[in-house]
Protein chains: 8
Amino acid sequence: ARRGFPEAVYCAGKTAAQVGAIAAAVAERPDVTTLFSRADDDHAAAVLAALPDAAHDPAARLLAWPPQPPAPTGGLVVVLAAGTSDLPVAREAHLTARYLGRPSELVVDVGVAGLHRVLSKLELLRRARVAVVAAGMDGALPSVVAGLVSAPVIGLPTSVGYGAAFGGVAALLTMLNACAPGVSVVNIDNGYGAGHLAAQIAAPEPSR
Amino acid sequence: ARRGFPEAVYCAGKTAAQVGAIAAAVAERPDVTTLFSRADDDHAAAVLAALPDAAHDPAARLLAWPPQPPAPTGGLVVVLAAGTSDLPVAREAHLTARYLGRPSELVVDVGVAGLHRVLSKLELLRRARVAVVAAGMDGALPSVVAGLVSAPVIGLPTSVGYGAAFGGVAALLTMLNACAPGVSVVNIDNGYGAGHLAAQIAAPEPSR
Amino acid sequence: ARRGFPEAVYCAGKTAAQVGAIAAAVAERPDVTTLFSRADDDHAAAVLAALPDAAHDPAARLLAWPPQPPAPTGGLVVVLAAGTSDLPVAREAHLTARYLGRPSELVVDVGVAGLHRVLSKLELLRRARVAVVAAGMDGALPSVVAGLVSAPVIGLPTSVGYGAAFGGVAALLTMLNACAPGVSVVNIDNGYGAGHLAAQIAAPEPSR
Amino acid sequence: ARRGFPEAVYCAGKTAAQVGAIAAAVAERPDVTTLFSRADDDHAAAVLAALPDAAHDPAARLLAWPPQPPAPTGGLVVVLAAGTSDLPVAREAHLTARYLGRPSELVVDVGVAGLHRVLSKLELLRRARVAVVAAGMDGALPSVVAGLVSAPVIGLPTSVGYGAAFGGVAALLTMLNACAPGVSVVNIDNGYGAGHLAAQIAAPEPSR
Amino acid sequence: ARRGFPEAVYCAGKTAAQVGAIAAAVAERPDVTTLFSRADDDHAAAVLAALPDAAHDPAARLLAWPPQPPAPTGGLVVVLAAGTSDLPVAREAHLTARYLGRPSELVVDVGVAGLHRVLSKLELLRRARVAVVAAGMDGALPSVVAGLVSAPVIGLPTSVGYGAAFGGVAALLTMLNACAPGVSVVNIDNGYGAGHLAAQIAAPEPSR
Amino acid sequence: ARRGFPEAVYCAGKTAAQVGAIAAAVAERPDVTTLFSRADDDHAAAVLAALPDAAHDPAARLLAWPPQPPAPTGGLVVVLAAGTSDLPVAREAHLTARYLGRPSELVVDVGVAGLHRVLSKLELLRRARVAVVAAGMDGALPSVVAGLVSAPVIGLPTSVGYGAAFGGVAALLTMLNACAPGVSVVNIDNGYGAGHLAAQIAAPEPSR
Amino acid sequence: ARRGFPEAVYCAGKTAAQVGAIAAAVAERPDVTTLFSRADDDHAAAVLAALPDAAHDPAARLLAWPPQPPAPTGGLVVVLAAGTSDLPVAREAHLTARYLGRPSELVVDVGVAGLHRVLSKLELLRRARVAVVAAGMDGALPSVVAGLVSAPVIGLPTSVGYGAAFGGVAALLTMLNACAPGVSVVNIDNGYGAGHLAAQIAAPEPSR
Amino acid sequence: ARRGFPEAVYCAGKTAAQVGAIAAAVAERPDVTTLFSRADDDHAAAVLAALPDAAHDPAARLLAWPPQPPAPTGGLVVVLAAGTSDLPVAREAHLTARYLGRPSELVVDVGVAGLHRVLSKLELLRRARVAVVAAGMDGALPSVVAGLVSAPVIGLPTSVGYGAAFGGVAALLTMLNACAPGVSVVNIDNGYGAGHLAAQIAAPEPSR
Ligand SMILES: Nc1ncnc2c1ncn2[C@@H]1O[C@H](COP(=O)(O)O)[C@@H](O)[C@H]1O
Ligand SMILES: Nc1ncnc2c1ncn2[C@@H]1O[C@H](COP(=O)(O)O)[C@@H](O)[C@H]1O
Ligand SMILES: Nc1ncnc2c1ncn2[C@@H]1O[C@H](COP(=O)(O)O)[C@@H](O)[C@H]1O
Ligand SMILES: Nc1ncnc2c1ncn2[C@@H]1O[C@H](COP(=O)(O)O)[C@@H](O)[C@H]1O
Ligand SMILES: [Mg+2]
Ligand SMILES: [Mg+2]
Ligand SMILES: [Mg+2]
Ligand SMILES: [Mg+2]
Ligand SMILES: [Mg+2]
Ligand SMILES: [Mg+2]
Ligand SMILES: [Mg+2]
Ligand SMILES: [Mg+2]
């Protein structure tokens, strides 16, 4: 674990056999939390063969071992998903923040086309130490949220959409140009990165 | 005037002398409204030399002759500008709609970073037959407006912004991907086109 | 149904099971028209299992329930497809307009390479309250149509083409730069959005 | 003169002094036609100092010496400009074809927004051995022309337009995707290249 | 057949059943040559079911009926392929020119990395009325060929390459910027278009 | 002041007269800090005419009134500039953080081409609650810094560079793809946004 | 073998049968080393059928025959791979350099997120006549390496990454903008090209 | 001087006063060669005020002090410029190589449109230890040169061209896709980088 955080194994570029070998090595170090991100079904089977009690969230393509996240410390991480299609990426952010030790809440289907939905979550949003806002298509939700709260907002563009959504580029550009201050952006579909960063921002003072 | 609409002279690609010659010819036809769009100071001087009583809006870079817009008929055109920097383009749309014969209202500084401002205009917005929504930077306002009203929304991206705003491209993409139905888009900074289209949409039944 | 329009379920980002669950819930609300857009074969089977009498247009990837569109009111929506490859997207627009309650006509194979074909439809085009013009490749048809009629034109770029068509981007740019006023544009292949917008523009006065 | 064609000096990347020195050398070779393209006022003055009787078309930014084009041979080159803003580039193509020895006709303001204008030129177009079609903004004119004639069409995109015209890229893409066969394309604003190619296509048989 | 040329059916956007129906109709018109382009195995089977003696070139994905090309008239079309991977597209151009009635020669593997190979074809190239030059990757061959011959050159960029070849965009841009005059360009992989245009350029005088 | 933060006036889109009028109104509210960002010489003169004792940093194009930043509270903001050309943008971030009430240190000329320079600042970096890292050209510094510290890193791409730097796009992409977790990104040259966000991240607990 | 180097057969654009035929011809020329690059399983099987003792590195998708690389001469080629996902491309470069006759060392997992790893390889790096540095995502490693050594650095961008990595474009741009002098770049994933170039740079004096 | 090479001061991002101050400091260190690159007239005047005997090449925008380049050692660097417009960038490469201590030859106007010109330089090219090939527009020259020689080729794309040259991007892509092995590429107009790298490649053995 680099600098006090869990280790993450990025499965996408590895064979199931390679990931299985890493999982076998991980079994020797129960003191450290290890995350397996971007794990497809084969990767997951290989991890579970070596670490049968690993936690597995197939939608988020994430496994964790030991399976139990640490007791939460630090500020609250609120993760918002504009639509249900943004949920897998939002779950990856939410679970990453949890396994890095933060309390985290996940809220879905609060796109800007129905403002009352996001406005109904204001009380929760105002308790956040940091908000992660996942959105595809027009990517407009982080602009709206940053105008409502004084906590920092992490824009998490998703590849949801078609045509001129350009696989998340439209949402990415929207978020980089957010007209409210307090928004920064991670790579498209990078739920792991957004959750990790949120956990760093919301870290309790002594832990740094 | 093509198909019952005023004639428009696009000045940007013409010398002041060429525009002056057109203005002189226009003086022979007071029965038709003529607009001079994208007129810089030199173009405007040349028009005013030939048509001294022409109406001139320097911010919108628009001149019109005869100067008086027709009595308004048809539905209401509401033009919104997200920020003050979007005002020149929004004014071009607003005045074009007026000179094409529609009633039109212009509202400024209703960006999504301060939702209460756009929400305070709901009553006006719901009276609109069509809304033109000008925004640069993140271009998020049309998505929000389309979620609030059932009238068609014309997204008018502006070149306001810097860096990854790419001269209006970010706003254009946002609007093309608006997550609420009912939004269509015109070219960046094309206030004339947005106002013209709005006038067509809001046209009184017999006039078509 | 938001703001008096049918509800639409965008199937592309959902599993067949999720769509089936929504369809089961929809069965409780026969008073509202529900559209299922971007439905592949599995999605369609799931909808039809829950709503056996739903209308299904496989080419348009659209299902509707109750199956019968409302009696048409408001102005005429004319949908043009430049070529037969543009037909699925054009049908999606046409059917959406119909299920939102408008009279609609669909005309195919009127590309600009054979001008006589579009000119032969002038009488129909001039009866339109709004025209939806679907085209891929060079996307030139909306420019030509807007020069022929005074109704608003919705440019609907399609991803038909190859190479420098860039999946519809070339057609999109063409339409954004249409040299005739009165054209606005929706996202590439967004037949649902074009049909929805057309229905809003052609809405009968009291319905807004 | 390479391969029997006039020599061309591309001034844009050269100082006036460099161009003047070339012009002085050219004065020794009255047997060959030399063109100076993309010549600004300073370039032109330098050429005229060395070759006082050179022909100079400031709009086309072209000079030629000896000033008299050769007697026309070969097929007819017809050059069309969609709008008046496309005229400088179209003139450059027209004059280049003339100085390479072809008969050439130039027609202006025949954009697709007013189809009757291009249709009124059908007789001329059908006499062409090759057509050069200059257009900016939507760049739709070559598609229409290629559908009307059986001669080859050279699409000449111009940088006329703003916003999503991207300095001629939109027109370039339109032309590359022309839905009628028989269209090829040269670089944006490359009137010289279009005229040169047209002269090669329309060359009389023995001249090759 | 439009304007005296064969009719072409673009199969890529059609089902095998649709193509088969067209082929059945074509059987009624043996007086006209019909081409089926971009035909995959299923399309080809459908055509051959209706027109068993159709000519079929699987590499070029082209079928023709009646199978015999017309006796060649007009000037020589020379088609060059830079590498063997460019051959399918080059064959499509070559066969199209043949079925439009021109004499045509096809030369392969003459890329600029081995200049002696293209230089060894100079005699043939100088007999060409027009050259079609297919190349992917750096797309440099048309520049070299245009410097060697006075005939017009049609650049035919192919999608051969990887990484920053961007599916043929690099080759397309190279050709648009060819430093020798006399080059124009068609869409990426558009062998049909290049062959059609070449046949128009090389057409015998009376046939136009 | 929105949500407890200073008000900022973005001068770039305004005339000097407009900015002067705002400055005059600001003079009535000495209880709130107001920042004037992206102020050129004329803007600055207009502000100083109304608020003669305003603080002015010409390099950062920033003015502040009242001139004295608040006593620092919360965690340390460390701002790094890869090279001296990145200094104006880095100063804008540094001063913004100071006027929002944070302690802030600015370090220059620590680019990755001389790793010893950034390594010599490790002690300071490890005291940071958040780091802002400004870099143009290859934009590689945030990746390196994020690998060295556990604080969150705000990547601030600058438009420094030429050619394939694309006005900061290369640096922006590098930062979005940082291979160390804990990096998020703001718009190109957006020093104000980076400093504002840093102040939010480093805010003392009760102040939120 | 052109100019004294092995011949390379680029398999990606060929059928297994075509590659097999080439391999059969190669069997006649054991005096020359032949490489088969970008060989998938089918290509490899075809080569091995004709050349059963060919060396095959499936990860690098490379085969060589005769299987034994020449005795190394010239300077040392050091190949670095930032992460394990960059290994296939790095191996292609490493093996190519070996088969062209250079001594070569391959080092993996030295990304800039863990500087100590690359710093621990300084002694090896300083012995290099040339370094090939393969990296995806942020592509930052060549900048760091070029700052540490005086040998030339070949940046080898890989398509590793997602979202705004754009298939290697982000890494490519980073490397083109490397802030340390001494870096040049090859195409994305072009391990063959990088290894070939490295062998040319490190060639022993007499061999050129 | 980092790692035994001259120090370079990149003037483009600095004021004349800043550059003058650096030049004054440089005067204390006559033992090291210092280059001032991208120096405009004001920068040059400031350098010459402090270092009156500095060598100044205005076309290359380069100054050097002490003015005398070192006695040449190592292999020959041959710099080719495709056209005269590429000369400033080519000179910058040539002079940089000279001031880093290599023998260097500069050859101009050898573009691929006139192959005989580059072929006439074969003897010189074959003596090169490394070739720098500067070209704009189609950027095809490095492909041709790499096919003729076995030395490594550094592609130096220039911003010469217009329209779809995209400020050197077309040439950059061409060179990245060079179909002959042995080509790598530096940033657009980066003559300094190309010359520096060439000097490293051609360095005499002991100097590394
Ligand atoms: N989903 C992800 N996206 C981006 N980076 C990741 C992801 N998961 C893990 N990583 C990073 O990749 C590193 C592991 O890479 P590897 O050693 O190839 O498994 C970790 O240290 C993380 O910083
Ligand atoms: N600001 C504008 N943007 C786009 N099109 C315009 C604008 N102003 C006028 N036009 C169109 O340009 C045509 C006039 O072009 P022109 O004949 O060149 O003056 C009018 O018919 C309008 O359709
Ligand atoms: N084909 C479509 N393209 C774009 N938006 C759509 C489409 N179909 C439905 N929608 C929108 O998506 C919303 C439904 O999204 P969801 O709740 O994810 O099914 C609807 O309210 C529509 O506004
Ligand atoms: N992986 C590769 N990437 C790029 N070029 C290659 C590769 N492998 C071989 N080549 C080049 O392609 C040429 C062979 O192409 P071909 O004749 O089509 O097999 C060789 O001369 C090499 O220069
Ligand atoms: Mg906020
Ligand atoms: Mg709405
Ligand atoms: Mg119209
Ligand atoms: Mg035609
Ligand atoms: Mg030629
Ligand atoms: Mg870190
Ligand atoms: Mg170095
Ligand atoms: Mg070579």
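None of these values were measured; they are calculated from a predicted model.

K.L.:
Break down the overall build of chain A for me, citing the residues and quoting the values.
P.N.:
When helices and strands are tallied, chain A shows eight helices and nine strands. Judged by the C-alpha coordinates and their principal axes, chain A covers about 50 × 45 × 25 Å. Considering chain A as a whole, with its 208 residues, one finds that 64% of them fall into the buried category. The contacts of chain A with a sequence gap of at least 6 include a subset with a gap of at least 24, amounting to 71%. Counting only carbon and sulfur atoms, one obtains 55% of the accessible surface of chain A, whose full area is about 6,700 Å². Taking the 15 positively charged and 16 negatively charged side chains of chain A as two groups, their mean positions are separated by 8 Å.

K.L.:
Can you break down empty space enclosed by the protein residue by residue, with the values?
P.N.:
A full pass over the atoms with the stated rule returns two cavities of 30 Å³ or more. Computed from the structure, the largest cavity encloses a volume of approximately 40 Å³. Together, Pro 152, Val 153, Ile 154, Ser 184, Leu 197 and Ile 201 of chain A together with Pro 152, Val 153, Ile 154, Ser 184, Leu 197 and Ile 201 of chain F line the largest cavity. Of all the elements in the fold, those that place two or more residues in the lining of the largest cavity are β8 (153-157) and α8 (191-201) of chain A together with β8 (153-157) and α8 (191-201) of chain F. Residue composition of the lining of the largest cavity, by class: ten nonpolar, two polar and no charged. Space inside the second largest cavity adds up to approximately 30 Å³. For the second largest cavity, the full set of lining residues is Ala 59, Ala 60, Arg 61, Pro 88, Val 89 and Glu 92 of chain A. Tallied by class, residues from the lining of the second largest cavity come to four nonpolar, no polar and two charged.

K.L.:
I'd like a rundown of the layout of surface pockets, residues and numbers included.
P.N.:
Space inside the largest pocket adds up to approximately 1,900 Å³. Mapped onto the lining of the largest pocket, the elements with two or more residues apiece are α7 (169-176) of chain A, α7 (169-176) of chain B, α7 (169-176) of chain C, α7 (169-176) of chain D, α7 (169-176) of chain E, α7 (169-176) of chain F, α7 (169-176) of chain G together with α7 (169-176) of chain H. Taken together, the residues of the lining of the largest pocket sort by class into 37 nonpolar, one polar and no charged.

K.L.:
Lay out the environment of Tyr 192 of chain D with the relevant residues and their values.
P.N.:
With respect to the element layout, Tyr 192 of chain D can be found in helix α8 (residues 191-201). A relative accessible area of 17% places Tyr 192 of chain D in the buried class. The sequence separation of Tyr 192 of chain D and Glu 92 of chain D amounts to 100 residues, and the corresponding C-alpha distance is 5.8 Å. Tyr 192 of chain D has contacts with Ala 8, Leu 35, Glu 92 and Thr 96 of chain D together with Pro 181 of chain E, leaving out every residue within four places of it along the chain.

K.L.:
Now, about the interface of chain H and chain D: what can you tell me, with residues and values included?
P.N.:
Contact with chain H, which involves eight residues of that partner, is made by eleven residues of chain D. Together, the buried faces of chain H and chain D total about 710 Å²; carbon and sulfur atoms form 55% of this surface. Sorting the residues of chain H by area buried against chain D places Ser 85, Tyr 162 and Ala 164 of chain H first, and these three jointly supply 60% of that buried surface. Applying the counting rule to chain H against chain D returns zero salt bridges. Our count for the chain H to chain D interface comes out at three residue pairs in polar contact (both at pLDDT 80 or more). Residue composition of the side of chain H that touches chain D, grouped by class: five nonpolar, three polar and no charged.

K.L.:
Break down the pattern of salt bridges for me, with residues and values.
P.N.:
Residues and elements named next belong to chain D. Across all of its chains, the model carries 32 salt bridges over all chains by this definition. In this structure, Arg 127 engages Glu 123 in a salt bridge whose closest nitrogen and oxygen atoms are separated by 3.1 Å. Residue Arg 127 and its partner Glu 123 are located together in helix α5 (residues 122-127), separated by four residues, close to a single helical turn. On the basis of relative accessible area, Arg 127 is assigned to the partly exposed category, the value being 45%.

K.L.:
Got a sec to walk through the interface of chain D and chain E? Specific residues and values, please.
P.N.:
Quite often, the size of an interface is put as the accessible area lost when its parts meet. If you look at the interface, chain D gives 31 residues, while chain E gives 31 residues. Between chain D and chain E, roughly 2,600 Å² of surface is buried when both sides are summed, and carbon and sulfur atoms account for 53% of that area. Joining chain D to chain E, the criterion identifies two salt bridges. With a closest N to O distance of 3.4 Å, Glu 205 of chain E and Arg 129 of chain D form a salt bridge. The interface formed by chain D and chain E contains ten residue pairs in polar contact (both at pLDDT 80 or more).

K.L.:
Give a description of the pairing of strand β4 (residues 62-65) of chain E that names residues and reports values.
P.N.:
All names here are of chain E. Of the two faces of β4, the one carrying Leu 62 and Ala 64 and the one carrying Leu 63 and Trp 65 are both buried. Relative to β4, strand β2 (residues 34-37) is paired through three bridges, and the arrangement is antiparallel. Paired with Phe 36 across the strands is Leu 63, a residue of β4. Taken together, the three bridges between strand β3 (residues 55-57) and β4 define a ladder with antiparallel strand orientation. Among the inter-strand pairings, Asp 57 is bridged to a residue of β4, identified as Leu 62. The antiparallel hairpin formed by β3 and β4 contains four residues in its connecting segment, where Arg 61 sits at a positive phi of about 55 degrees.

K.L.:
Quick rundown of the packing of aromatic side chains? Include the residues and the values.
P.N.:
To describe a pair of aromatic rings, you give the distance between the ring centres and the angle between the ring planes. The tally for this structure, following the rule as stated, stands at eight aromatic pairs over all chains. We note Arg 38 of chain B situated over the ring of Tyr 162 of chain D; from NZ or CZ to the ring centre the distance is 3.9 Å.

K.L.:
For the relation of the copies chain D and chain E, give the residues involved together with the corresponding values.
P.N.:
Superposing chain D onto chain E takes a rotation of 180 degrees plus a shift of 0.0 Å along the axis, which leaves an RMSD of 0.0 Å. When the rotation and shift are considered jointly, the pair of chain copies conforms to a two-fold rotation axis.

K.L.:
Run through the sheet that holds strand β4 (residues 62-65) of chain D, naming residues and quoting values.
P.N.:
Pairing between the strands of a sheet is mediated by backbone hydrogen bonds and can be parallel or antiparallel. All names here are of chain D. The strand order across the open sheet built from four strands is β1-β2-β4-β3, with neighbouring strands paired in mixed fashion. The outermost strands of the open sheet, each flanked by one partner alone, are β1 (7-10) and β3 (55-57). Strand-to-strand twist in this sheet, taken as the mean axis angle between neighbours without regard to direction, amounts to 15 degrees. Helix-sheet contacts for helix α1 (residues 16-26) involve β1, β2 (34-37) and β4, and the interaxial angle to β2 is about 170 degrees.

K.L.:
Which residues make up the pairing of strand β6 (residues 104-108) of chain G, and what values do they have?
P.N.:
Residue and element names in this part refer to chain G. Two elements, strand β5 (residues 77-81) and β6, share five bridges in a ladder whose sense is parallel. Its bridge partner being in β6, Val 77 is matched across the sheet by Ser 104. This β-α-β element, β5 to helix α3 (residues 87-99) to β6, shows right-handed connectivity.

K.L.:
Residues and numbers for the relation of the copies chain H and chain D, please.
P.N.:
Each copy of the sequence occupies a distinct position, and chain H is placed on chain D by a rotation of 90 degrees and an axial shift of 0.0 Å, giving an RMSD of 0.0 Å. Put plainly, the chains are arranged around a four-fold axis. Closest approach to the rotation axis among the C-alpha atoms of chain H is made by Phe 166 of chain H, whose C-alpha sits 7.7 Å away.

K.L.:
I'd like a description of the sheet that holds strand β2 (residues 34-37) of chain A, backed by residues and values.
P.N.:
Residue and element names in this part refer to chain A. On the basis of which strands lie adjacent, the open sheet formed by four strands has the order β1-β2-β4-β3 and mixed pairing. Single-partner strands in this sheet number two, and they are β1 (7-10) and β3 (55-57). Averaged over neighbouring strand pairs, the angle between their axes works out to 15 degrees when direction is ignored. Where β1 meets β2, four bridges bridge the pair, whose relative direction is parallel. Bridged to Ala 8 within β2 is Leu 35. Sheet strands touched by helix α1 (residues 16-26): β1, β2 and β4 (62-65). Its angle to β2, the strand with the most contacts, is close to 170 degrees.

K.L.:
Before we move on, could you go through the arrangement of the chains and cite the residues and values that matter?
P.N.:
One finds no contact between chain E and chain F; the C-alpha atoms of the two approach each other to within 13 Å at their closest. At the level of C-alpha atoms, the two units chain C and chain G stay apart, their nearest approach being 15 Å.

K.L.:
Lay out the environment of Asp 41 of chain C with the relevant residues and their values.
P.N.:
All names here are of chain C. Here Asp 41 shows up in helix α2 (residues 41-50). Under the relative-accessibility criterion, Asp 41 is labelled exposed at 65%. As for Asp 41 and Trp 65, which are separated by 24 residues in sequence, their C-alpha atoms are 17 Å apart.

K.L.:
Would you mind going over α8 of chain F in detail, with residue names and values included?
P.N.:
For α8 of chain F, a buried count of eleven out of eleven residues is recorded, marking the element as mostly surrounded by other parts of the structure. Among the residues making up α8 of chain F, those that are buried are Gly 191, Tyr 192, Gly 193, Ala 194, Gly 195, His 196, Leu 197, Ala 198, Ala 199, Gln 200 and Ile 201 of chain F.

K.L.:
Tell me about helix α1 (residues 16-26) of chain B, and please be specific about residues and values.
P.N.:
Listed in full, the buried residues belonging to α1 of chain B are Val 19, Gly 20, Ala 23 and Val 26 of chain B. Projected onto a plane normal to the axis of α1 of chain B, the buried residues spread over an arc of 115 degrees and lie on a single side.

K.L.:
Provide a residue-level description of the packing of helix α1 (residues 16-26) of chain H against helix α2 (residues 41-50) of chain H, including the pertinent values.
P.N.:
All names here are of chain H. Axis separation between α1 and α2 bottoms out at 8 Å; the angle between their running directions is 30 degrees. If you check the angle between α1 and α2, you find them roughly parallel. Like other packed secondary-structure pairs, α1 and α2 cross with a definite hand, here right-handed. Residues Ala 16, Val 19, Gly 20, Ala 23 and Ala 24 of α1 lie in contact with α2, whose contacting residues are Asp 42, His 43, Ala 46, Val 47 and Ala 50. For the contact of α1 with α2, the class distribution of residues is seven nonpolar, two polar and one charged.

Analysis parameters
- The residue count restarts for each chain, going from 1 along the sequence in the order it is written.
- Numbering of ligands from 1 and lettering of chains from A proceed in the order in which they are written.
- Where totals are concerned, whole chains, interfaces and linings use all residues; where local detail is concerned, this predicted model gives features only for residues with pLDDT of at least 70, and gives and counts side-chain atom pairs only at 80 or more.
- By convention in this description, side-chain values take in all heavy atoms of the structure and omit both hydrogens and water.
- Helix and strand definitions follow DSSP, with helices as H or I runs of at least four residues and strands as E runs of at least two, each counted in order from the N terminus.
- Think of it in three bands: residues with accessible area under 20% of the maximum for their type are buried, residues over 50% are exposed, and the middle band is partly exposed, with areas taken using a 1.4 Å probe on protein chains only.
- Two residues form a contact once any of their heavy atoms are found within 4.5 Å.
- A 1.4 Å probe and the Shrake-Rupley method give the accessible areas. Residues count as covered only by the protein chains that appear here.
- When charges are counted, neither His nor the chain ends are considered; positive counts come from Lys and Arg and negative counts from Asp and Glu.
- By convention, the charge on Lys lies at NZ, on Arg at CZ, on Asp at CG and on Glu at CD.
- Of the grid points, spaced at 1 Å and generated over the protein atoms alone, those admitting a 1.4 Å probe that cannot get out make up cavities, while open sets with protein on both sides within 12 Å along at least five of seven lines make up pockets; any residue with an atom within 4 Å of a point is treated as lining.
- Grid points are joined across faces, edges and corners, and a volume is the space filled by probe spheres set on the points.
- Asp, Glu, Lys and Arg are counted as charged, while Ala, Val, Leu, Ile, Met, Phe, Trp, Tyr, Cys and Pro are counted as nonpolar; the rest, among them Gly, fall into the polar class.
- Throughout, the accessible surface (probe 1.4 Å) given up by two parts as they are put together, summed over both, is called the buried area.
- Any carboxyl oxygen of Asp or Glu within 4 Å of a side-chain nitrogen of Lys or Arg constitutes a salt bridge here.
- Here a polar contact means two N or O atoms within 3.5 Å. Within protein one must be a hydrogen donor candidate and the other an acceptor candidate, and residues neighboring in sequence count only if both atoms are side-chain atoms.
- A pair of strands is labelled paired if DSSP reports no fewer than 2 bridges between them.
- Think of it this way: a Phe, Tyr or Trp ring, Trp meaning its six-membered ring, pairs with another when their centres are within 6.5 Å, and the plane angle makes it stacked under 30 degrees, edge-to-face over 60, tilted otherwise.
- Charge-over-ring placement is defined geometrically: NZ (Lys) or CZ (Arg) within 6 Å of the ring centre, and within 35 degrees of the ring normal.
- The least-squares superposition of copies is restricted to C-alpha atoms, and to residues with a pLDDT of at least 70 in both copies.
- Structural elements are reduced to axes, namely lines fitted to C-alpha atoms, with helices fitted over the stretch in contact, and the angle between N-to-C directions of any two is expressed from 0 to 180 degrees.
- By convention, a crossover is right-handed whenever its connection, traced from the first strand over the helix to the second and viewed with the strands pointing away, goes clockwise.
- Note that the arc is defined by the directions from the helix axis to the C-beta atoms.
- Each angle gets one of four labels, with under 35 degrees taken as roughly parallel, over 145 as roughly antiparallel, 65 to 115 as roughly perpendicular, and the rest as oblique.
- Handedness of a helix crossing follows the sense of rotation of the near helix relative to the far helix, less than a right angle counterclockwise being left-handed and clockwise being right-handed.

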